[in-house]
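Overview (structure and organization)
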Amino acid sequence: DQQVKQNSPSLSVQEGRISILNCDYTNSMFDYFLWYKKYPAEGPTFLISISSIKDKNEDGRFTVFLNKSAKHLSLHIVPSQPGDSAVYFCAADIQGAQKLVFGQGTRLTINP
Amino acid sequence: DVKVTQSSRYLVKRTGEKVFLECVQDMDHENMFWYRQDPGLGLRLIYFSYDVKMKEKGDIPEGYSVSREKKERFSLILESASTNQTSMYLCASTPGGLNYEQYFGPGTRLTVT
């Protein structure tokens, strides 16, 4: 039973354009969400997070949007750069549990 | 910078062998985790530990055990390796409290033949 779902296994975007990665969740108890980026042969690295009390969090080129009623979050990357090519995982947590539940990942490819 | 290291990047073992995967973190983090990553399945939690000598089962603990004798070290043990345990294994740690960000090691690619 996949509580966190990333329904797009892959996404291809032209350099300079916006990349939008989507994530859906089913457990209404989740109250903290994170995005991780993973290059081949490396561990995931933290990118950006959002608490359920917010609907948007921005950090440079990266913005995460949370729609609690739809149980949906998205990561926007503007402008996309070749170094952004990686696998992106969304993850969710229940406050105090310290146990992240990860989605399946989306492979983002930025084309020159 | 937090550093999480894993004992091997690549490992090849035979079916039935006992396998030890070691993970060490250098930032005095309370919590440590073991995941496996498989294509199309994302990261799945095997075991985690909130403190020395404490362990909790994750979502897929069958066939695995763990040991945490020291705060900085968390070991994953495959008692009798099987081919369906061929995977990328990732270790992570967090300080605990309200900090949810997990810091990951580089991973160990285990192949069981």
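Summarised in this report is the structure supplied together with it. Computed from a predicted model, the values in this text were never measured in an experiment.

**Looking at the overall build of chain A**
- A tally of helices and strands in chain A yields zero helices and 11 strands.
- Reading the helices (α) and strands (β) of chain A from amino to carboxyl end gives β-β-β-β-β-β-β-β-β-β-β.
- Compactness check: chain A gives a C-alpha radius of gyration of 13 Å against a globular reference of 13 Å for 112 residues, within 12% of the reference.
- By its C-alpha atoms, chain A is 40 × 30 × 20 Å across when sized along the principal axes.
- Across the 112 residues of chain A, 46% fall into the buried class.
- Across chain A, the fraction of contacts at a sequence separation of at least 24, relative to all contacts at a separation of at least 6, is 55%.

**Quick notes on the interface of chain A and chain B**
- Facing 22 residues of chain A, the contacting portion of chain B comprises 25 residues.
- In this assembly, chain A packs against chain B so that about 1,800 Å² is buried in total across both faces, 56% of it on carbon and sulfur atoms.
- Considering only the surface of chain A that becomes buried against chain B, A:Q98, A:K99 and A:F102 emerge as the three largest contributors, covering 33% of it.
- Taken together, the links from chain A to chain B amount to zero salt bridges.
- Summed over the shared surface of chain A and chain B, the number is two residue pairs in polar contact (both at pLDDT 80 or more).
- Among the elements of the structure, β4 (32–38) and β9 (86–93) of chain A are those that each provide at least two residues to the side of chain A that touches chain B.
- Ranked by the residues each element gives to the side of chain A that touches chain B, the list is headed by β4(A), at four residues.
- For the side of chain A that touches chain B, the class distribution of residues is 11 nonpolar, seven polar and four charged.

**What about the state of the cysteines?**
- Counted according to the given criterion, the structure contains two disulfides over all chains.
- Paired through a disulfide, A:C23 and A:C90 show a sulfur-sulfur distance of 1.9 Å. Because the torsion about its S-S bond is 60°, the bridge between A:C23 and A:C90 counts as right-handed. Separated by 67 residues along the polypeptide, A:C23 in strand β3 (residues 19–25) and A:C90 in strand β9 bring together distant segments of the chain. Take A:C23 and A:C90: they sit in the same class, and that class is buried.
- In this model, B:C23 is linked to B:C91 through a disulfide, with the two sulfur atoms separated by 1.9 Å.

**Some remarks on the nonpolar core**
Residue and element names in this part refer to chain A.
- In terms of nonpolar packing, the biggest core is built from 24 residues, with V4, F33, W35, L73, L75 and Y88 touching the most fellow members.
- Secondary structure elements with two or more residues in this core: β3, β4, β5 (45–51), β7 (62–67), β8 (72–77), β9 and β11 (106–111).
- The element contributing the most residues to this core is β9, with four residues.
- Those residues in contact with V4, other than ones at most four positions away along the chain, are C23, D24, Y25, F30, C90, A92, V101, F102, G103 and Q104.

Cut-off values and rules
- Here the residue numbers are simple positions, counted from 1 along each chain's written sequence.
- All chains are assigned letters beginning with A, and all ligands numbers beginning with 1, in the order in which they are written.
- Reporting of local features is limited, given that this is a predicted model, to residues whose pLDDT is at least 70; pairs of side-chain atoms are given and counted only at 80 or more, and all residues count toward the totals for whole chains, interfaces and linings.
- As a rule here, side-chain values cover all heavy atoms of the structure and leave hydrogens and water aside.
- Numbered from the N terminus, helices here are DSSP runs of H or I no shorter than four residues, and strands are runs of E no shorter than two.
- In this treatment the radius of gyration is a C-alpha quantity, and the globule benchmark scales as 2.2 Å times the residue count to the 0.38 power.
- Burial classes: relative accessible area under 20% of the type maximum marks a residue as buried, over 50% as exposed, and values in between as partly exposed (1.4 Å probe, protein chains only).
- In what follows, residue pairs with any heavy atoms lying within 4.5 Å of each other are defined as contacts.
- Simply put, the buried area is the total loss of 1.4 Å probe accessible area from both parts when two parts are fitted together.
- Think of a salt bridge as a Lys or Arg side-chain nitrogen and an Asp or Glu carboxyl oxygen that are within 4 Å of each other.
- Between N or O atoms, a polar contact is any pair within 3.5 Å; within protein, one atom must be a potential hydrogen donor and the other a potential acceptor, and residues adjacent in sequence are included only when both atoms are from side chains.
- Under the scheme applied, nonpolar residues are Ala, Val, Leu, Ile, Met, Phe, Trp, Tyr, Cys and Pro; charged residues are Asp, Glu, Lys and Arg; polar residues are all the others, including Gly.
- The disulfide definition used here is simple: a pair of cysteine sulfur atoms within 2.5 Å.
- Among the buried residues, those of types Ala, Val, Leu, Ile, Met, Phe, Trp, Tyr and Cys that are joined through side-chain atoms within 4.5 Å form a nonpolar core.

This is a description of form; function is not addressed.
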